[in-house]
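What the coordinates show
Listed below are the residues making up each chain.
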Amino acid sequence: HKEGLTGNPAQCFVKRCGNDEGLQCVKCKFFMCAKCVEEGHEVGAFADVLNRDTAAKLLAKPHLLKYKAHCYYDRADYNWSDDLDEGELSSVIDRISWELDMKFSVANQLRHGQGMDSHAFVQLFTTILTKSADKDLHRCHSRSQHSQGRTEKVVYPKLLSTSFAFVMVFAVAYILRMGCIGLLDLISHQQGK
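These figures come from a predicted structure and were not determined experimentally.

Quick notes on the rules
Within every chain, residues take consecutive numbers counted from 1 along the sequence as written. The model is predicted, so local features are restricted to residues of pLDDT at least 70 and side-chain atom pairs to those at 80 or more, both for listing and for counting; the totals for chains, interfaces and linings are taken over all residues. Here the side-chain values reflect all heavy atoms present in the structure, with hydrogen atoms and water set aside. Helix and strand assignments come from DSSP, with helices taken as H or I runs of at least 4 residues and strands as E runs of at least 2, each series counted from the N terminus. Exposure categories follow from relative accessible area, calculated using a 1.4 Å probe and restricted to protein chains: below 20% of the type maximum is buried, above 50% is exposed, and the middle band is partly exposed. Whether two residues are in contact is decided by their heavy atoms: any pair within 4.5 Å suffices. A carboxyl oxygen of Asp or Glu within 4 Å of a side-chain nitrogen of Lys or Arg is what we treat as a salt bridge.

**Things to note about the side chain of Ser97**
- Within the secondary structure layout, Ser97 lies in helix α4 (residues 86-100).
- Residue Ser97 is classed as buried on the basis of its relative accessible area of 7%.
- Those residues within four positions of Ser97 in sequence are excluded, and the remaining contacts are Met102, Lys103 and Phe104.

Written as structure tokens, this is what we have:
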């Protein structure tokens, strides 16, 4: 049994489940019930790096999506001002862009000198994840259209990557061999003096 900030039984901050078993931060008293912890592990909400698969799963679990958005928000709020300035927002958007392999911009997100509060960031984060899922859906749909009527399997990427690795191994071996021969020549030249 956990106690909340006012001495009352703690409520899950993620979904307001009412379940009093779970995990609580001893410093800030943030509490997450065991059910939400389990769901979070299943969808990857606690991973350090976001990917499109996790983003799609978070869209199906709004309470965990909000939790994950707050995680990004809290890490980005370097000066603890309870809002994100343009630099902080730009930094977190760049990170999310990299993680989802998409380009997002902070342009038109803030008016000059204005900050973004956590509620607005949760909305922006939701929009970004939705665009990521839409892009994946479009990519899967276009792949299926292109593959209709084709019965053979395309194996070019694996073949190319295997060939590339083979060439790289030989190139490194050649460089090492030449380097060793050059080094031996240098040593023998130095000993000959």
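**Here we look at the pattern of salt bridges**
- For the structure on display, the rule yields 3 salt bridges.
- The residue Asp53 makes a salt bridge to Lys57 at a minimum N-O spacing of 3.3 Å. Of the two residues, Asp53 and Lys57 both sit in helix α2 (residues 52-59), 4 residues apart, roughly one turn of that helix.
- A salt bridge links Glu99 to Arg95, with the nearest nitrogen and oxygen atoms 2.6 Å apart. Note that Glu99 and Arg95 are positioned in helix α4 at a spacing of 4 residues, about one turn of the helix.

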